[in-house]
Every structure is written in structure tokens, then in C-alpha cells.
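Summary of structural features
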Amino acid sequence: INWVDSRTIYIGHKEPPPGTEAFIQQRFPDNRIVSSKYTFWNFIPKNLFEQFRRVANFYFLIIFLVQLIIDTPTSPITSGLPLFFVITVTAIKQGYEDWLRHKADNAVNRCPVHVVQHGKIVRKQSRKLRVGDVVLVKEDESFPCDLVLLSTSRDDGTCYVTTASLDGESSHKTYYAVQDTKAYNTEKEVDAIHATIECEQPQPDLYKFVGRINVYMGNESVARPLGSENLLLRGATLKNTSYIYAVAIYSGMETKMALNYQSKSQKRSAVEKSMNAYLLVYLCILISKAIINTALKYVWQADPNRDEPWYNHRTETERQRHLIRAFTDFLAFMVLFNYIIPVSMYVTVEMQKFLGSYFIMWDDEMMDEELGERAVVNTSDLNEELGQVEYVFTDKTGTLTENNMEFIECCVDGHVYVPQVICNGQVLPDAVGMDMIDTSPGPDAREREELFFRALCLCHTVQVKEEETVDGIKHGIHQGKSTSFYISSSPDEVALVEGMKRLGFTYLRLKDGQMEILNREDEIEKFELLEVLTFDSVRRRMSVIVKANTGELYLFCKGADSSIFPRVVSGKVDQIRARVEQNAVEGLRTLCVAYRHLSPEQYEEVCHLLSDAKLALQDRDRRLAEAYDLIEKDLILLGATAVEDRLQEKAADTIESLHKAGMKVWVLTGDKMETAAATCYASKLFRRSTQILELTTKRTEEQSLHDVLFDLSRTVLRQHGDMTRDTFSSFSGDCTDYGLIIDGATLSAVMRPNQDDLNSGNYKEIFLEICRNCSAVLCCRMAPLQKAQIVKLIKASKEHPITLAVGDGANDVSMILEAHVGIGIMGKEGRQAVRNSDYAVPKFKHLKKMLLVHGHYYYIRISELVQYFFYKNVCFIFPQFLYQFFCGFSQQPLYDTAYLTLYNISFTSLPILLYSLIEQHINMDILKKDPTLYRDISKNSLLRWPIFIYWTILGVYDAIVMFFGAYFLFDNTTFTSNGQMFGNWTFGTLVFTVLVFTVTFKLALDTHYWTWINHFVIWGSLIFFVVFSLLWGGIIWPFLNYQRMYYVFMQMLSSGPAWLSIILLITASLLPDVLKKVIWRSLWPTTTERIQVSGETKTPATATRVSRRDANCADVSIHSVRLSIVGSFSSFHVNLKLKHPFLFCHNF
């Protein structure tokens, strides 16, 4: 742990000269990155600890130990074997997943890096890098750890970097070398540097760094400040610079990238929580059964006539030891009824999740031809959670959009120019080359138009890279010169300069302070670049001051319309404003361009203002802003441009589907507010009718945060009259749709209000209340950890909704890890997000199928699996409980040991596993077409308590029918045809036979989607049971110490009444459930059931045909429903038509 608040680094591990103040050398971690959970040594203990934290596993361990210690009615193998199987299967699965993480980590940690040692370049593995090493990084390599830049291949000591994998921006950013070391350009020179760096201890803020470097020259030392412009972060990539030398200051898990990860915690799905709750209920039932039976046993034995027979009378001491006897009896009953807790359910669920996840990987519709990538499943534990999502948090750049800017049009003095296609690299002559939407301009306008084009060619910070090819792709437009292409910190600027190139004005280069342009007549024009007034997010504009060959001085300014229009004194403002607004509505990114002439005197004044502001040590930013404000005024408006960051294919359609499915979509982005808002309109997150509420720095500067929050909540709640938004309110016309926009700074204020503010405590509550009533929320200018904070805030709100986060860069990792389900997009921004996600898809559009189809199916399947498991175990153990009343509570088992052990392991396990893998209650196409079906299963609706209680009651009913049915039928038919009597094992076997057939048929009735595999497994299980019983009772097994089952099964089948009773009891057990289904479906059908019926009753009205396999469905209930519905079909049809207009193309 670093106790000190700053660290000192010796560059190249050289001690500072004597006489300088002494530093304590700290120990720094190596450069290993660890994302795995286990190591080879701790895997077994850690994994076992995690598994035994599960209620069921721990419980079975206890039962197993009890069976070993005391004399119990059943063998320890009956609970030990299933438990061992479960633990092993789970451990293998988790171990394999962690091994894959180790592999990914090793690939990163073994990456070669070049280090300067004793004036030579040495290759090392990345993990062996130490703090203080001087590293050489070449172009297009990524930085192995956090480095301070010492020198670069460029004379001015700058280098260009893309930080796409960190903050999602694919633009080039400029970083600066330390002034005193930038001249050292070779290994020998760099090795001679003698300096120390003092800086803060590592912290996660990507944009903040404070330090200083002491360079020792002979006897004196020079101290220079270091800021974030000198710090190169791990994960960023060097661009357009041949090489750099830099010194490592934060390594391994202390790099800013690693600190922005959140720890990987075990994610648990909602279904698993329900399962644990149900288990506790069953545990209570079990304990109460055991207590009742123990108590009744002693009541029964209290009667002297019912004590042991005379030859087995208990001694006095035995009679005294009541308590110990009672306790062992209690434990023995616990073991006897223990099967009511289904241990094999956990195995089946694990297998269902593991095998089920392959359906996502095998899905051809979720494959991307371009990338050649399929969907990936990193964690299969959360499959069913995909069907429960209520909030979707998505990144914008690269997730919703393609991260490619394209110049669309420009408008000069009301004339619109759209660059046409370029033929053979030649820009066509003006008349054809430009699509003149308005009439063509006169000579005066022609001059303005050229001035506009020049302004855009000069007012930017684009660099030109001359190169034949990059990654084998030709860039730029070939015009008989070497091919060049543009790079810049803002992709918009590149799009504008390329757009100008297509309109005939080509920006060539910046050389010795001269900007060179190739105009339409193929003449080179030179402008001297005097000042650049850089862009910042508060001013939202940038300017350049240039001097033409003629000696004229121009100030060209471009920026957002809201920051340019107020400063304009002349120009065709109204036409241009109208065009800008129209473009913004179409979701294009718009900029306005203006200029002003400067006289030499004015220029002198400008220089004076700027140099004063730049030299100020205090308030430098504020003074620069004031100077810029004075300079950029009295402008003449020239025109506007429109650039498009194309949305990913089908992004808008996907968002619309998610909305209809009842999910709330939030966009969390580091981008500017206007750009993000435009994207939100384009992707249909905000509609034209959406009323936008702003909670931004701009607004909180005008009035206090407290007032803004209360204003917004009043607006929202007044509209809703305190009604919460539900079901279809977001689509109904009479209800205003609200969209909220919030920025990072305001969010921090909401999350951590000032201490002195008295009402600050409930800001979060009010903020959540506002968000809850908005159909869409946009958060812009977010830092990576803030994204995670927002997800956490929503997760912890009082409804505890299920959240899903989607992103594609390392800046989205913390949000992906925080959400219940994290999805990575295989974008252009590295593989960070994909590695840390639970699922990864190639494109945003694949989210629709993943949630609406796969998620829906997974949830339906697993909820049936859980309920069915509890049901079949109640049916299994309740007869055993009833049997105790007829055997003097002597802990006599009703079933044979083999039946006890194999019931859950083999007789009834495969059919439900298969059901939970391939069941499709509704055809896939319908689920995709009608997202509202997703609402039917929201909020864990199939695992609610009423449904659970229904299944339990059904199980108890079936058990009573089986037990008493067999009991009364036996009463009358005491004799078989040859006069032999049936014994207790025959009775148990009869009950067990009815049981196995009943629970298997119950599953067959619930199956909607029949394939040959279903038939094979369901009927195969029953045949296996019969064959096993014949074998088990047909041979004398030498290894058994008893032969009580010998010939029992055959003897039972040789009796006619036994056959009759089996058939009767199965029918009686299944009848109530079938009746309940028929009545419920005809009186109160859910949307899903209506669609199932419309798929069944093939009327000419059904436009969406369900596949033939679905129609062959063997669901008795549906066939019966068909009968009960024919009568009321007209009303049903009208009802259905309102809910699902697309299902019907014409009336009956």
C-alpha cells in the first residue's frame, strides 16, 4: 500500500546526485494485468467455498455427513453421489471459463516491449517492465503502461495518439515531450538523461495528472511541471509519429486503465434468487414434516400396548435417553424426506445454462459477415436474465454509430452544395460537380462561396499524412501526386476538409507556418497561419487568424450555431439558420462558418491580448476565454456545413423495439451534448414530440441545482398526475413523452452534493423520480466511472430493476461490469469491452434478437424447469410422508433405495433438461415482430409466489391421489390370480410407477414444440424405467445384502387390477391441471396464449403462420381450448385485433 501521497521515480534507475533531498524508494508492482479470478493453487479451496455458499449444496453436505454418522433408513450414497456430481460439473465449467481469462491475460502480459538499457535497446516481455524503465514505442504500437513522454521523432517534441480503447474517441490527440529532454533522440542520448520525476500516486481519473520533473545538468537542477498532456496512458496507440522515448511511471494494476476497471464480482441472476427463496420454503416444509413425524412417533409409542414386542423390550436406561433418541429420530426423518430438496436441479440448471449458451453462438443471424465474427458467450450464468431486462444503458460512439463521419452538404448564403461522386479521382466541373439545389449564384456570390471554401480549408487542426497505403487501404484522392490522407483530433474536421476536397479546394499541408491550398484552377495558394484560437467545450467554436499573399488579414471562425449566430453582424442569417435547423432535425452535426477582416492595428491589439493571457499563471483559462471573447466578435456569416456520423445499420429499429418491449433506453456517452442529442433523434430514442428536459451545467449556472431539480420534477409529475408510466403510455398520444439530458458535471453534483446544502440528501431521490418518468435519458460528457455510477444508482433504486449495459471501448468496461448483464460490441476500439463482458455481439442490431428471442426463450425454459423440479419432488416425497402414518412412524422407506437414488438422476432428468434447451412456446418470427410479448415475462412473472404455490398444491394433490388411490385399490384386491398377497414393496413400486408416468406426461402436456428428440427422450425415459425395473427385480444381484425387490415388478404387472389402477391414477392426477388450463385460457388468456391459439386455429385471418412443427403441438390444453373458443371466437378475434393488429390482414 502506498502510504505516501506522492511517488518519486528515478529515470533509468539512476540515483540523483548527492546533495539533493533524499527520497524513500518505494516498491512498485510489476506490469502484469490480471483479470482472472482463480490461480492454480487457490482454485480448489476458493471454488469449493463459493459453491458451498449456495444453500442447497451446503444443505446436502450436512445431510451426507448425518447419513455417515447415524443409522439412517437410506444409504449415504443416495445424497453423496448427486452432490459430488454437481460440485464437479460446476467446478469444471468455472475452471474452464477462468482458464480462458488466463489465456487472454497471458497474451497481453507476454507482449514484447523495447527498453533502453545501458545505451542499447533490449526486448522484454511486457510483464517484466518496471517503473523507471525508459521505453521505446514505435508507430501503431500501443503503450505498455502509463508513461511520461521524454522525446519523439518530431522536432517539435509532439506525438499523436489515439485513445479509442480508453475513452471511445478514435481521433488523434497531441501530447508533448518534456521541454528539457525533447532534443534527446537516440538510445545513447536518452540513456544519458539524469532526472527524477515526482508525481501523485495512481488514481483513476483519465484526464488528470500532476507531477514535476527535476532534470540534473551538472550541479544544478531544473524543475518543470508535468500535466496530463505529458502522460501517455496504457492502451492508447501511437499514430503519425515514427517513435517515442518515454519513462514508465505507473505499471500493471496501477495504470489508469486498470484502475478504471471495476472488480469482477460474481453476478447472480434473478431466477437464481427465486430458486434460493423456494428452497428455503421447502426446507421449512421438510423440517416441519420431520418434527410432526417425530412427535407422532412418540405419541404412538407412549401407548404401552404399542411398545416393542416382548422379545425386544427396551431397558430402563434406553427409556431415560429420550432427548438423544428424539434427536436421532428427527435426523432420520430428515434424511428420509430429504429428497424434497432437489439437488439435481442445480446440475440440470448448470447444464441447461452451459449448453443453452451455444444457441447464441450458433445463431447465424447474429453473425457479422464483414468482421467474420459471431456472438460470444463469456458467462453462461445469466442467460435467463436476458429475458428480464428493464433498463438498457448504451454507449453512443461506435455502439449506436459507426464512428465514421461523412460530409453531407454545405450551404453558402442560402445556396446548398452537395458534393457528387468523384469520377476516376477527378472532381467534375462545377456545373455537374455540385448539385445546386437553389438557383446558381451571381459573380458576387461566387466570391463569397470561394471565401467559404477557403475558410473551411484553413480553420482546422488537421494534419496531413503522406503515405502510399495504410493497412493496405488507399486513403485520400489520387491526383497525380503521392496519396495523402488527413488525421485530426476530431473526425468532424477530417470530414469537412475531405468534403472541401470533393468540392474543388484541397488542403495540402502546413509547412513552416504556411498553410497551402490547391484551388479549383489547380493553383497553390499560401496563407500564413498567425494564431489558432483552439476549440473548447464552453465556447464551442474555434478560430484561426491568417494572412493572405495580398497582405490581407482574416479571422475565420467556425462553431456551433448557438455560439456563432449571436456574434454575427451581417450575412444571410435567416436562410442559413433555417437550413441549419432542418439539418439538425435530420440528426446531422451542423457547424456555422463566419469571418471578419482585421486591420494591422486590430491585429496588434489581438496579439497583445493573447500574449498577456497566455503568460498568466493564475486563472490562465479564464483570461484566455475573455481574450477570445473580445476577438471573436462583429463577424460576417458565410454559411453552414452538415456532417453525418452514420448510425449503425438498424440501430433505430432496435431501439424502437426495445422501447416497445417495455425497456427504458439510456445513452451514456463522453460526447458533446448537441452531437449526442442529434444521434438520439436519429436513432428514435427521442421522437419529434418528445419534450426535452435539460439538467446541464449551462442551466445550473443560471439557477441553483436545487431549483432546477424541483422545476423538472414539478413539470414531470404535473403531467403524470403522479401516475407512473406503464405499459403503453409511452406510445399513447395524449401523454407527453419526456426526454432528459444530463451532463457529467451536473451528475457529480447530484451524486455528491455540497455538505452545506441542507436539502442535499434527497437530490438522488428527486433525480431518480424524474428519470423514472422519462421515456429516454441521455447522459453526455461522462467519465468511465460515472457511467458505472449511473448504472449502480438505477440498480439500487427501490424497484431494483434488471439492468443491461452495452459498449465497445475500454471506457465502457466499468459500466459493463456494474450492470446485471454486460454486453460488449466488437467495434473498432480494441477488445477491452468484449473481454470483460458477459456476452459479446458484432453489432448493436443483434441486441434485438438476443433479448427479444433468446432472452425470452431462456427465461420461459428455466422458469418451467425450476417449477417442474419442485413439483416432481413433492409428488415423490409426499407419499413417503403419508406412508409413515401407516407404518407406526418407523422410518420405513416406501420406495426401494435404487428408486430413491435414480428418480432424480435418470428416470425424470433428461426430459426436463431437453425441454429447457429446445422449448419454443411461440415461433421466433412472431417474437421478433411483436416486441410487446416481452412484457408478458417481465419482472420475473413466471416465478412469482402464486404460480409457485399452484405447482406445490398440484404436487400435493397428485401425491394424495397416487398414495390413497393405490391404498384403496389394494384394499379390495388382496389376492392376485393365484391367491398370493401383495407386500409393502409391491405397494411402493405401484405408487412409484404411477409417479414416474404422471410427472413425465405432465411435462409432455407442457411442451409446445415437438421434435424427434423430444419424442425420443420422453418416451425413452419411460421405457428405460420399465426395462430397469424388470432387470432390477428379475435377477438376484450378488452385491446386494437384501433381495427385497426380487420379482416384485413382474408380479405387479401380472395382476390385471394393477394395470387398471395405474391407468386410472395417472388420468386422475393429470385431469385438474388440464381443466384449469382450458378454463383459464378461454376466460383470461395472456397475449402469449392468444398467439399460440391463433397459430393453432389456422384461420384465413392469420397472417403470421406458425411453423408446421409448432402446429403439430401435442398440448392437450390447446386442442381443448380450440373447442372452448369456437363459441366465443368473434369476441376473441376483436380483442386480439386491438392488441396485435399485424396478426390479422382482413376480417372474417
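Within each chain, residue numbers correspond to sequence positions counted from 1 in written order. Only residues with pLDDT of 70 or above have their local features reported here, since the model is predicted, and side-chain atom pairs are shown and tallied only from 80 upward, although totals for entire chains, interfaces and linings are computed over all residues. Excluded from the side-chain calculation are hydrogens and water; included are all heavy atoms of the structure.

1. Some details on the overall build of the chain
The secondary structure listing takes helices from DSSP runs of H or I that are at least 4 residues long and strands from runs of E that are at least 2 residues long, numbered from the N terminus. When you go through the chain residue by residue, the secondary structure sums to 39 helices and 34 strands. Any residue under 20% of the maximum accessible area for its type is buried, any over 50% is exposed, and the rest in between are partly exposed; the area is computed with a 1.4 Å probe on protein chains only. Going through the 1148 residues of the chain one by one, you find that 55% of them count as buried. Accessible area for the chain stands at about 50100 Å²; split by element, carbon and sulfur atoms hold 58% of it. Residue-level accessible areas treat just the shown protein chains as cover; the underlying method is Shrake-Rupley with a 1.4 Å probe.

2. Quick look at the pairing of strand 3 (residues 120-125)
The rule for pairing is simple: two strands pair if DSSP sees at least two bridges between them. Of the strand pairs in this sheet, strand 2 (residues 112-117) and strand 3 are connected by 6 bridges, and their pairing is antiparallel. Considered in strand 3, the bridge of His-114 is made with Arg-123.

3. Examining the nonpolar core
Counting residues in hydrophobic clusters, the biggest one holds 100 residues, and the most contacted among them are Ile-341, Val-866, Phe-876, Tyr-895, Tyr-899, Phe-992 and Leu-995. Of all hydrophobic cores here, the second largest spans 50 residues; its members include Val-148, Tyr-175, Leu-231 and Leu-232. The term nonpolar core refers to a set of buried residues drawn from Ala, Val, Leu, Ile, Met, Phe, Trp, Tyr and Cys, joined through side-chain atoms within 4.5 Å.

4. A few points about the UniProt feature "transmembrane region" (unreviewed entry) in the chain
UniProt positions are given in the numbering used here, feature names are shortened, and annotations may be inferred rather than shown by experiment. In the numbering used here, UniProt assigns the "transmembrane region" (unreviewed entry) feature to residues 52-70, 277-300, 330-349, 898-918, 948-970, 982-1004, 1016-1040 and 1046-1071. Counting secondary structure, residues 948-970 comes out at 100% helix and 0% strand; the distance between its end C-alpha atoms is 33 Å. The distance from the first to the last C-alpha atom of residues 982-1004 is 32 Å, and the span holds 91% helix and 0% strand.

5. As for the sheet that holds strand 14 (residues 376-377)
Strand order in the open sheet made by the 9 strands is 14-34-33-32-15-28-31-30-29, with mixed pairing throughout. In the strand order of this sheet, the two ends are held by strand 14 and strand 29 (691-695), each with one partner. One ladder, built from 4 bridges, connects strand 15 (residues 391-394) with strand 28 (residues 664-668); its direction is parallel. Considered in strand 28, the bridge of Thr-394 is made with Val-667.

6. Digging into the packing of aromatic side chains
Two aromatic rings from Phe, Tyr or Trp, using only the six-membered ring of Trp, form a pair when their centres are within 6.5 Å; if the ring planes differ by under 30 degrees the pair is stacked, by over 60 it is edge-to-face, and anything between is tilted. For the structure shown, the criterion picks out 66 aromatic pairs. When the centroid spacing of 5.4 Å and the interplanar angle of 65° are considered together, the rings of Tyr-895 and Phe-992 count as edge-to-face. On the criterion of sequence distance, the pair formed by Tyr-895 in the loop between helix 27 (846-884) and helix 28 (897-907) and Phe-992 in helix 32 (residues 984-1006) is long-range, its members being 97 residues apart. Of the residues examined, Phe-992 reaches a relative accessible area of 0% and is grouped as buried. Ring centres of Phe-1001 and Trp-1019 lie 6.0 Å apart, and the angle between their planes is 55°; this geometry places the pair in the tilted category. On the criterion of sequence distance, the pair formed by Phe-1001 in helix 32 and Trp-1019 in helix 33 (residues 1012-1034) is long-range, its members being 18 residues apart. In this structure Phe-1001 comes out as partly exposed when scored by relative accessible area, which is 25%. The class of Trp-1019 is partly exposed, set by a relative accessible area of 34%. For a ring to carry a charge above it, either NZ of a lysine or CZ of an arginine must fall within 6 Å of the ring centroid while also lying within 35 degrees of the normal to the ring plane. Above the plane of the ring of Phe-337 lies Lys-289, whose end atom (NZ or CZ) is 5.6 Å from the centre.

7. Considerations on the pattern of salt bridges
Salt bridges are defined by distance alone: a side-chain nitrogen of Lys or Arg within 4 Å of a carboxyl oxygen of Asp or Glu. If you walk through the whole model with that rule in mind, you get 52 salt bridges. Between Lys-267 and Asp-838 there is a salt bridge; the shortest N-O distance is 2.7 Å. Here the residue Lys-267 occupies a position in the loop between helix 6 (256-259) and helix 7 (270-302), and Asp-838 occupies one in the loop between helix 26 (832-836) and strand 34 (839-841), the gap between them amounting to 571 residues. Here Lys-267 matches Asp-838 in class, with each residue buried.

8. Digging into the side chain of Asn-338
For Asn-338, the location among the structural elements is in the loop between helix 9 (322-337) and helix 10 (343-362). Contacts are assigned to residue pairs that have any heavy atoms within 4.5 Å of one another. Excluding residues within four positions of it along the chain, Asn-338 makes contact with Tyr-59, Phe-60, Ile-63, Ser-79 and Leu-286.

9. Concerning a nonpolar patch on the surface
Think of a patch as exposed residues, more than 30% relative accessible area, with no salt bridge, where like charges cluster within 9 Å and nonpolar side chains (Val, Leu, Ile, Met, Phe, Trp, Tyr) cluster within 5 Å. On the surface, Leu-1071, Leu-1075, Ile-1079, Trp-1080, Leu-1083 and Trp-1084 cluster together into a nonpolar patch covering about 660 Å² of accessible area. Turning to its location among the elements, Leu-1071 is positioned in helix 35 (residues 1056-1083). Accessibility expressed as a relative area gives 48% for Leu-1071, which makes it partly exposed.

10. Some details on the packing of helix 32 against helix 35
Running from N to C, helix 32 and helix 35 cross one another at 35°; their axes reach a closest spacing of 9 Å. In this structure, the crossing between helix 32 and helix 35 has a hand that is right-handed. Two secondary-structure elements touch here, helix 32 through Leu-990, Thr-993, Val-994, Phe-997, Thr-998, Phe-1001, Lys-1002, Leu-1005 and Asp-1006 and helix 35 through Ala-1058, Ser-1061, Ile-1062, Leu-1065, Ile-1066, Ser-1069, Leu-1070, Asp-1073, Val-1074 and Lys-1077. Polar here means any residue outside two lists: the nonpolar Ala, Val, Leu, Ile, Met, Phe, Trp, Tyr, Cys and Pro, and the charged Asp, Glu, Lys and Arg; Gly therefore counts as polar. Looking at side-chain class alone, the contact of helix 32 with helix 35 contains 11 nonpolar, 4 polar and 4 charged residues. To obtain an axis, a line is fitted to C-alpha atoms, over the contacting stretch when the element is a helix, and the angle between two such axes runs from 0 to 180 degrees between their N-to-C directions. In this scheme the crossing of two helices becomes right-handed for a clockwise turn of the near helix relative to the far one and left-handed for an anticlockwise turn of less than a right angle.

11. Things to note about the pairing of strand 4 (residues 134-138)
Along a regular strand, successive side chains alternate from one face of the sheet to the other. With 4 of 5 residues buried, strand 4 lies mostly within the body of the structure. As paired strands, strand 2 and strand 4 are joined by 3 bridges and run antiparallel to one another. Paired with Val-115 across the bridge in strand 4 is Val-135. Here strand 4 pairs with strand 13 (residues 243-250) via 5 bridges, running antiparallel. Note on strand 13: the bridge partner recorded for Leu-136 is Tyr-245.

12. Points about the confidence of the model for the chain
Of the residues in the chain, 84% reach a pLDDT of 70 or more, and the chain-wide mean stands at 83. Between residues 421-439, whose pLDDT stays under 50, and residues either more than four places distant or in other chains, the model counts 36 contacts. On a scale of 0 to 100, pLDDT captures the predictor's confidence in every residue. pLDDT under 50 marks residues 468-482. Its contacts with residues more than four places away, or in other chains, come to 24 contacts.

13. A look at unusual backbone geometry
Across residues other than glycine, the phi torsion is negative in most instances, and most of the peptide bonds are trans. The residue Arg-540 is not glycine, and still its phi comes out positive at about 60°. Not every positive phi belongs to a glycine, and Phe-889 is a case in point at roughly 50°. Checked against the element boundaries, Phe-889 lands in the loop between helix 27 and helix 28.

14. Details of the packing of helix 27 against helix 32
The N-to-C vectors of helix 27 and helix 32 enclose an angle of 160°; their axes lie 11 Å apart at closest approach. With respect to helix 32, the axis of helix 27 lies roughly antiparallel. Every pair of crossing elements has a handedness; the one defined by helix 27 and helix 32 is right-handed. Counting all contacts with helix 27, which are made through Glu-864, Tyr-868, Tyr-871, Lys-872, Cys-875, Phe-876, Pro-879 and Tyr-883, the residues of helix 32 involved are Asn-984, Phe-987, Val-991, Phe-992, Leu-995, Thr-998, Val-999, Thr-1000, Lys-1002, Leu-1003 and Asp-1006. Here the residues of the contact of helix 27 with helix 32 sort into 12 nonpolar, 3 polar and 4 charged. For classification purposes, angles smaller than 35 degrees are called roughly parallel, those larger than 145 roughly antiparallel, those between 65 and 115 roughly perpendicular, and all remaining angles oblique.

15. Points about the side chain of Thr-237
The residue Thr-237 is located in strand 12 (residues 237-239) in this model. Thr-237 sits in the buried class, given a relative accessible area of 18%. Filtering out sequence-adjacent residues up to four positions away, Thr-237 remains in contact with Asp-140, Glu-141, Ser-142, Phe-143, Tyr-160, Val-161 and Thr-162.

16. Some thoughts on the sheet that holds strand 13
Read from one edge of the open sheet, 6 strands run 3-2-4-13-5-11, paired in antiparallel fashion. Each edge of the open sheet carries a strand with a single partner, namely strand 3 and strand 11 (231-232).

17. Some points on helix 12 (residues 443-458)
Given a helix with a known number of residues, its expected span is that number minus one, times 1.5 Å. Here helix 12 contains 16 residues, and its C-alpha end-to-end distance of 23 Å stays within 8% of the 22 Å for a straight helix at 1.5 Å per residue. If you check which residues of helix 12 are buried, you get Ala-445, Glu-449, Glu-450, Leu-451, Phe-452, Phe-453, Arg-454, Ala-455, Leu-456, Cys-457 and Leu-458.

18. A closer look at helix 33
Note on helix geometry: an α-helix contains 3.6 residues per turn, so any two residues three or four positions apart are oriented the same way. Compared with an ideal rise of 1.5 Å per residue, which puts 23 residues at 33 Å, helix 33 spans 32 Å between its outermost C-alpha atoms and is within 8% of the ideal. To get the bend at a residue, fit one axis to the 7 residues ending there and another to the 7 starting there, then take the angle between the axes. The largest bend in helix 33 is about 25°, located at Gly-1020. Regarding helix 33, the residues found buried are Asn-1014, Val-1017, Ile-1018, Ser-1021, Leu-1022, Phe-1025, Phe-1028, Ser-1029, Trp-1032 and Gly-1033. Where helix 33 is buried, its residues contact helix 28, helix 29 (909-918), helix 32 and helix 34 (1048-1053).

19. Section: the environment of Ser-683
Mapping Ser-683 onto the fold places it in the loop between helix 19 (673-682) and strand 29. Beyond its immediate chain neighbours, meaning those up to four positions away, Ser-683 contacts Leu-400, Leu-647, Ala-652 and Ile-655.

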